[in-house]
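Coordinate inspection notes
Spelled out, the chains give:
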Amino acid sequence: MRQLLRAVVLGAALVPTLSSAQAIPTPASILGFEPGADRRLPTWKQVTDYFTALDKASPRVSTRVLGKTVQGRPFLAAFISDPANLTNLERYRQIQRKLMDPRLRTEAELPTLLEQGKTIILITSSIHSTEVGGFLTPFVLADRLARGNSEEVMSILRNTIIMLVPSQNPDGVDIVGNWYRATIDTPAEGSSPPELYHYYTGHDNNRDWYALTQPETRYTVDSLYTPWNPQIVNDIHQQGANAGRIFIPPYMDPVEPNIDPILTAGTNALGMEMAWRLVAEGKTGVATNASYDQWSPARQYSLNHRGVRILTETASARLASPMNMPFQALGTGRGYDAKVAGWNFPAVWKGGTWGIGNIVDYQTSASWAMLAAAARDRRMWLESYAQMGVRALADNAPWSNESVVPSAFVIAKDQRDPQALGRLIWTLQHGQVEVRTTTEAVTVEGKTLPAGSYAVLVKQNFGGYAKALLERQKYPDLREYPGGPPKRPYDVTAHTLPLLFGVDVATVIGPAPATGPAIAMIPEPKYSVAGLSGASGRRIGIYRSYTASMDEGWTRWLFDAHQVPFTSLVDRDIKAGNLKARFDAILIPDSPPQQITRGLPNAYPDSVRGGLGEAGQRALVEFVEQGGTLLAFNDASLYAVEAFKLPVKNALEGVRNTEFYAPGSLFAVDVDRNHPMTRSYTAPVPAVWFEDSPAFEITDPSKARAVLTYQAQGNPLLSGWLLGAQKLNGKAAMVEASVGRGKVVLYGFRPQYRGQTNATLPLIWDAIGRAAIQ
């Protein structure tokens, strides 16, 4: 393709040099600066231009556009390997498929597959766009792989096929980059933008790995995971600035029980080798077995699909602006003290200046250590990968540490919410789960399900993943010390799709039911709401704070997905008043009351700071008194209680976490079936998503009414973790209060949690549907 003319030594590596007409571009030749230069960030066009130019100039790189982002930017993946491997990419993909699925190979084929296969590696970067080192590290990695000629580079190219995603969120590269460039030399320099850096999800775009709601998630799953199921995934992130300089696995407990122990052991071994190499290079502040756990498939897709997940979290700066971090200012991370050496933190960082160049350096070193080890141990990675396929199809579920493993989950086709049923089947199939239908009636859990019901067998390639999503979670009771406060999970503790979606699913213990072959993929259901989708007569406003609430983004996504028209309202729109002339219902998504009132601090421009303040509160009160309906989700309900002086109080106010703790779980509720807001509620097991939420006590029943209530006695926990269940007994989860001619609806939970809670969406739609129309 191109002729090598001469080679020169660049640093410690031998690098090919070409004629100027044919030269492989350097990152600086496209960017105009070296990756890691202070106060410089690329635009997405520059990222695209570089990887497009690299594709044209280097036979080691093949750049593909997988689709368009939410806001229309190209979503890229660069395949990087030896030119001979890229020429035969489909052949290596077929080898990978046969290693993954024992049904596709004969025993006699296995030695040849192991000899010829490559370690498949997926590197994803900058899904969280304020973690700006991830904009630049892919430039450095791609440059070293495209131009390097050392033995280590050649070993990586020969033995691996790398799929490099320069950014999981191209829109955010420009949202954050444009804000940063506009605020340099102002008090807001280095701050987060006053909008979500993913149009709908913000930081939650890395919690979408089983719900698959966003196009960027789907491109990665559909075009990279599903065709390839890589052995190794390196997910490049950043963390806070005042503890370690970088985290590398092993993870902390707990471990999701449906992940094959081979993957846990592989993650641990590779992570520790990476840490070893970084410390040997002289890098300090390297933490392992700290901060992050291995629990939820919402952010652990690869560990549920045969690939170790090497999360790296490097200390942040002020975006691309350097900061000074004195040693005395260093604090603790979960599992270590950044000022004290220990077995999982062997070399203390002494403090000082920390900037974007340090971030790129640490990230690059970590990813390079991973690549070198993956290339050297190619055979071991392939052998253990093939063994996991055998274990997944074995009769005794050797991948599980549980004494009893269900054989199947059966799902009746006759469900009260067909859209939720369709979403459940689509979600499972899109995550590579085989769904079948029963060939005869099945009696399970006291119910007889007819032949033709859906069945998900646990004995299949990704049966552990299916089991994780369909069963109820039992999060372990972990404490900081015996008798001490709960050990905070990194994220949430429950992910039970039947409860989230509102679908009746039966668990089969014992012999699996008779089934036919796996059914074809069903199309994604089209979501709609009777009376609201399309040209709705209801005038709906959704409050959009400049503090950039992810819950607000999910609310907009939900309304767009269901084709329910709405208007976004920022602070000045609400402060302007006269709201009832324009709206019938206004929603305030989850946000702390003080953020709603005060908004962004003084460092931000006048146009975006200040919150609703007293003027916004008066306008909302006037809106409801004149007949409007206000819906307040989760913490925003506490703002409404105070703003409207409602006869309601939060029973959990001031309760210590040693007495009550619920960090993202599903709780049972009793439903007032006579209330008009439950008219469309069909969930077979009434449940709400509780995440650091309030629980209500009504002090004047003549002015407020409970719609959903926690049981009077016992434990309402259905899935996840709950301490202090008695604190919820008899308390209300949802309340409707009368104010003037209007209504205030308090949701002590997130009824649209991460776009997943189909079960509780009718509680939103019915509240809007009964709002008075002027």
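These remarks concern the structure in this document. Nothing here was measured: the structure is a model prediction, and the numbers come from that model. (Residues numbered from 1 in each chain as written. Predicted model: local features only at pLDDT ≥ 70, side-chain atom pairs only at ≥ 80, totals over all residues. Heavy atoms only, no water.)

A closer look at the overall build of the chain
- Along the backbone of the chain there are 21 helices and 35 strands.
- For 774 residues, the compact-globule estimate of 2.2 N^0.38 gives 28 Å, and the chain sits close to it at 27 Å.
- Sequence separation of at least 24 residues holds for 79% of the intrachain contacts in the chain that already meet a minimum separation of 6.
- Looking at the chain as shown, the accessible area adds up to about 27900 Å², and 51% of this sits on carbon and sulfur atoms.
- Of the charged side chains in the chain, 75 are positive and 71 negative, and the gap between their average positions amounts to 2 Å. (Helix = DSSP H or I, 4+ residues; strand = E, 2+ residues; numbered from the N terminus. Rg over C-alpha atoms; globule rule 2.2 N^0.38 Å. Contact = heavy atoms within 4.5 Å. Areas by Shrake-Rupley, 256 points an atom, 1.4 Å probe, with all protein chains shown as cover. Lys, Arg positive; Asp, Glu negative; His and termini not counted. Charge placed at Lys NZ, Arg CZ, Asp CG, Glu CD.)

Quick word on the sheet that holds strand β22 (residues 505–508)
- Pairing within the open sheet is antiparallel, and its 4 strands lie in the order β18-β21-β17-β22. Each edge of the open sheet carries a strand with a single partner, namely β18 (436–437) and β22.
- Judged from the 4 bridges that link them, strand β17 (residues 408–411) and β22 form a sheet pairing that is antiparallel. When the sheet's bridge partners are listed, Ile 411 is paired in β22 with Val 505. (Pairing = 2+ DSSP bridges.)

Things to note about the packing of helix α4 (residues 89–100) against helix α9 (residues 215–228)
- α9 packs onto α4 with a crossing angle of 60 degrees between their chain directions and a minimal axis gap of 8 Å. Our classification of the angle between α4 and α9 gives oblique. Of α9, the residues touching α4 (which contributes Leu 89, Tyr 92, Arg 93, Gln 96 and Arg 97) are Thr 226, Pro 227 and Trp 228.
- For the contact of α4 with α9, the residue count by class is 4 nonpolar, 2 polar and 2 charged. (Axes fitted to C-alpha atoms, helices over the stretch in contact; angles between N-to-C directions. Parallel < 35°, antiparallel > 145°, perpendicular 65-115°, else oblique. Nonpolar A, V, L, I, M, F, W, Y, C, P; charged D, E, K, R; others polar.)

Describing the packing of aromatic side chains
- A full pass over the atoms with the stated rule returns 30 aromatic pairs.
- With a centroid separation of 6.2 Å and an interplanar angle of 50 degrees, the aromatic rings of Phe 79 and Trp 228 are classed as tilted. Of this pair, Phe 79 sits in strand β4 (residues 74–80) while Trp 228 sits in helix α9, and the two are 149 residues apart along the sequence. The same class applies to Phe 79 as to Trp 228, namely buried.
- Their ring planes at 70 degrees and their centres at 4.7 Å tell us that Tyr 199 and Tyr 200 sit as a pair that is edge-to-face.
- Since its relative accessible area comes to 28%, Tyr 199 is described here as partly exposed.
- Of the aromatic side chains, those joined through ring pairs into one cluster are Trp 209, Tyr 225, Tyr 301 and Tyr 465.
- One cation-aromatic arrangement involves Arg 64 over Phe 79; the distance from NZ or CZ to the ring centre is 4.3 Å. (Phe/Tyr/Trp six-rings, centres within 6.5 Å; stacked < 30°, edge-to-face > 60°. Buried < 20%, exposed > 50% of the residue type's maximum accessible area, 1.4 Å probe, protein only. Lys NZ or Arg CZ within 6 Å of the ring centre and 35° of its normal.)

Some details on the pattern of salt bridges
- Tallying each qualifying case throughout the model produces 48 salt bridges.
- One salt bridge connects Lys 580 with Asp 584, and the closest N-O pair in it is separated by 3.5 Å.
- Assessed through its relative accessible area of 4%, Lys 580 is described here as buried.
- Residue classification places Asp 584 among the buried residues on the basis of a relative accessible area of 0%.
- As a salt-bridge pair, Arg 656 and Glu 659 come within 3.1 Å of each other at their nearest N and O atoms.
- Here Glu 659 falls in the partly exposed class, since its relative accessible area comes to 29%.
- Through salt bridges with shared partners, a single ionic network connects Glu 152, Arg 277, Glu 281, Lys 283 and Asp 361. (Salt bridge = Lys/Arg side-chain N within 4 Å of Asp/Glu carboxyl O.)

Considering the side chain of Ser 191
- Mapped onto the secondary structure, Ser 191 falls in the loop between α8 (170–183) and α9.
- Here Ala 188 takes part through its backbone oxygen, which lies 2.6 Å from a polar atom of the side chain of Ser 191.
- Not counting chain neighbours up to four residues away, the residues in contact with Ser 191 comprise Trp 179, Leu 319 and Tyr 604. (Polar contact = N/O pair within 3.5 Å; in protein donor to acceptor, adjacent residues only side chain to side chain.)

Side note on the side chain of Arg 436
- Mapped onto the elements of the fold, Arg 436 is located in strand β18.
- Looking at Arg 436, its side chain comes within polar contact range of the side chain of Glu 434, at 3.2 Å.
- Not counting chain neighbours up to four residues away, the residues in contact with Arg 436 comprise Arg 103, Ser 453, Tyr 454, Ala 455, Leu 457, Thr 515, Gly 516, Pro 517, Ala 518 and Ile 519.

Some details on the environment of Gln 419
- By secondary structure assignment, the location of Gln 419 is in helix α13 (residues 418–430).
- The spacing of Gln 419 and Asn 758 is 339 residues in sequence and 8.6 Å in space, taken between C-alpha atoms.
- Aside from chain neighbours lying at most four places away, what touches Gln 419 is Pro 525, Lys 526, Tyr 527 and Ser 528.
- There is a polar contact of 2.8 Å between the side chain of Gln 419 and the backbone nitrogen of Ser 528.

With respect to helix α2 (residues 44–57)
- The first and last C-alpha atoms of α2 sit 20 Å apart over 14 residues, in line with the 20 Å expected at 1.5 Å per residue.
- Among all positions of α2, only Trp 44, Gln 46, Val 47, Thr 48, Tyr 50, Phe 51, Leu 54 and Ala 57 are buried. (Expected span 1.5 Å × (residues − 1).)

Points about the pairing of strand β32 (residues 704–709)
- The pairing of strand β29 (residues 670–671) with β32 spans 2 bridges and is classified as antiparallel. If you follow Val 671 over to β32, its bridge partner there is Leu 708.
- Both β32 and strand β34 (residues 732–739) contribute to a ladder of 5 bridges, which runs antiparallel. Looking at the pairing, Ala 704 lines up with Ala 737 of β34.

As for the environment of Leu 728
- Along the chain, Leu 728 falls in the loop between β33 (717–719) and β34.
- Along the primary structure Leu 728 and Asn 159 are separated by 569 residues, whereas in three dimensions their C-alpha atoms are 56 Å apart.
- Excluding its chain neighbours within four sequence positions, the residues that come into contact with Leu 728 are Leu 652, Phe 660, Phe 667, Phe 690, Ala 695, Tyr 710, Gln 711, Pro 716 and Leu 722.

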